[in-house]
Amino acid sequence: MSAFHTPVMAKECIDLLNLRAGKVYVDATTGGGGHSAAMLEAEPEIVLYCFDQDEQAVKVAEQVLFTKSADGKSPEKSPSVELIKANFVQMRTELALRKIKGIDGILFDLGVSSHQLDNAERGFSFEKDAPLDMRMDALQTYTAFNAVNELEVHQLAKIFKDYSDELNATRIARAIERAEKPISTTKELARIIETVAGTGTKESLKAKVRIFQALRIHVNSELEYLESAIVDAINLLNPGGRIVVLSYHSLEDRIIKQAFRLAAQDCICPASIMMCVCKHQRQLKILTKSPLCASEAETKMNPRSRSAKLRAAEKVGLGYNKGKEFKSGSKYAAKGEK
Ligand SMILES: C[S@@+](CC[C@H](N)C(=O)[O-])C[C@H]1O[C@@H](n2cnc3c(N)ncnc32)[C@H](O)[C@@H]1O
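Residues numbered from 1 in each chain as written. Predicted model: local features only at pLDDT ≥ 70, side-chain atom pairs only at ≥ 80, totals over all residues. Heavy atoms only, no water.

A. Region of the structure containing the site of the ligand. As a structural note, the neighbourhood of the ligand is formed by 24 residues, with His35, Asp52, Phe88, Asp109 and Gln116 the closest of them. Here Asn87 contributes a side-chain N or O atom positioned 3.0 Å from a nitrogen atom of the ligand. Expressed as a share of its isolated accessible area of 610 Å², the protein-covered part of the ligand is 98%. Taken atom by atom, the bulk of the ligand overlaps the largest cavity. Its residues placed into classes, the shell around the ligand shows 7 nonpolar, 13 polar and 4 charged. (Near = heavy atom within 4 Å. Polar contact = N/O pair within 3.5 Å; in protein donor to acceptor, adjacent residues only side chain to side chain. Areas by Shrake-Rupley, 256 points an atom, 1.4 Å probe, with all protein chains shown as cover. 1 Å grid on protein atoms, 1.4 Å probe; cavity = no way out; pocket = protein on both sides within 12 Å on 5 of 7 lines; lining within 4 Å. Sits in = over half its atoms within 2 Å of the grid points. Nonpolar A, V, L, I, M, F, W, Y, C, P; charged D, E, K, R; others polar.)

B. Broad picture of the packing of aromatic side chains. Here the structure, examined in full by the defined rule, presents 2 aromatic pairs. For the pair Phe88 and Phe108, a centre-to-centre distance of 5.2 Å together with 80° between the ring planes defines the contact as edge-to-face. Remark: Phe108 occurs in strand β4 (residues 103–109) and Phe88 occurs in the loop between β3 (81–85) and α4 (91–97); sequence separation between them is 20 residues. Using a relative accessible area of 13% as the deciding quantity, one classes Phe88 as buried. (Phe/Tyr/Trp six-rings, centres within 6.5 Å; stacked < 30°, edge-to-face > 60°. Helix = DSSP H or I, 4+ residues; strand = E, 2+ residues; numbered from the N terminus. Buried < 20%, exposed > 50% of the residue type's maximum accessible area, 1.4 Å probe, protein only.)

C. Just empty space enclosed by the protein, in detail. Counted under the stated rule, the structure contains 1 cavity of 30 Å³ or more. By volume, the largest cavity is sized at about 390 Å³. Around the largest cavity, the lining is made up of 30 residues, and of these Thr29, Asp109, Leu110, Gly111 and Met136 lie nearest the centre. Only α2 (34–42) and α11 (222–236) provide two or more residues apiece to the lining of the largest cavity. (Points joined across faces, edges and corners; volume = space filled by probe spheres on them.)

What follows is the structure, encoded as structure tokens:
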């Protein structure tokens with residue numbers, strides 16, 4: 001497996017993906033290629049499209065996935081694995097360009113990789129002094145520098161509050177505004193947070209973690225892209241295909257939970273409406289009633305896995321609900337329906 005990033009809950013992801021030879025799969029966030037490699041190891045005969053918006057990640061994944069194995073069987077010779085440097089929000093278009101209309105499984109392992117966090121120059125971490133950057137995609141022009149130095153106090157405070165529940169959101173935003181010169185490095189920003197949250201305390205450390213996380217989510221429009229890509233992924237799945245998502249904070253998990261819940265419902269009309277008018281058809285069967293977490297052994301070995309939540313669902317067959325006209329659960333629903 002990749003030294004770049006240890007894949008979280010790899011066995012659980014592979015089991016839930018239910019990989020089958022000859023079928024088409026997507027790793028939406030290939031990162032260091034850890035999960036992608038595990039997928040190919042579990043079933044070498046799959047067709048695999050690996051996405052990442054980070055050029056550096058794609059290069060590392062390329063090395064991990066296309067290195068020849070001892071038996072000479074190398075994916076290098078196989079046209080069945082392709083790395084695509086793109087945001088997963090463009091997945092539908094990218095797959096259509098390759099004449100792929102449906103997929104049989106998809107994995108999302110959200111957030112940043114250890115490599116992105118550990119690489120000082122990327123500016124994701126307050127523990128390393130670096131320019132305030134935080135872009136996953138180097139082609140994007142908007143950085144954390146722009147956010148911190150150009151947004152209004154109320155806009156910054158909203159980002160800190162919405163994306164990290166920071167209690168001192170407004171005070172920190174005001175302290176940023178008071179800075180005498182543009183804040184250009186991670187350490188400068190960390191020092192400003194400390195003027196509000198204190199130094200050397202657990203609370204101050206947590207405040208820095210929260211503010212940096214909030215900025216990262218904002219700079220990379222993480223939640224907006226996720227909301228859109230999850231819907232695309234569900235629509236792209238062939239009947240029987242699986243979607244598996246690993247998330248690392250409550251905002252991501254809420255988006256997944258709600259998207260799955262909505263797609264698992266026959267009717268989404270308000271409770272006051274007796275007869276279904278939405279004609280919404282159930283697309284998913286949820287496989288994980290509550291999210292799975294990493295085992296104690298894994299969290300000891302890989303602390304990053306501690307906050308992981310894994311949710312999975314399966315696409316139900318076409319015509320699953322054909323002819324259904326009344327809300328399930330209503331007195332008009334067919335006998336036996338819930
Ligand atoms: C947690 S890491 C994935 C690690 C990977 N599963 C492994 O085993 O090495 C998340 C990756 O997703 C990528 N990423 C995050 N948001 C993305 C998006 N909207 N589109 C494409 N890639 C994204 C990041 O650049 C990062 O490399």
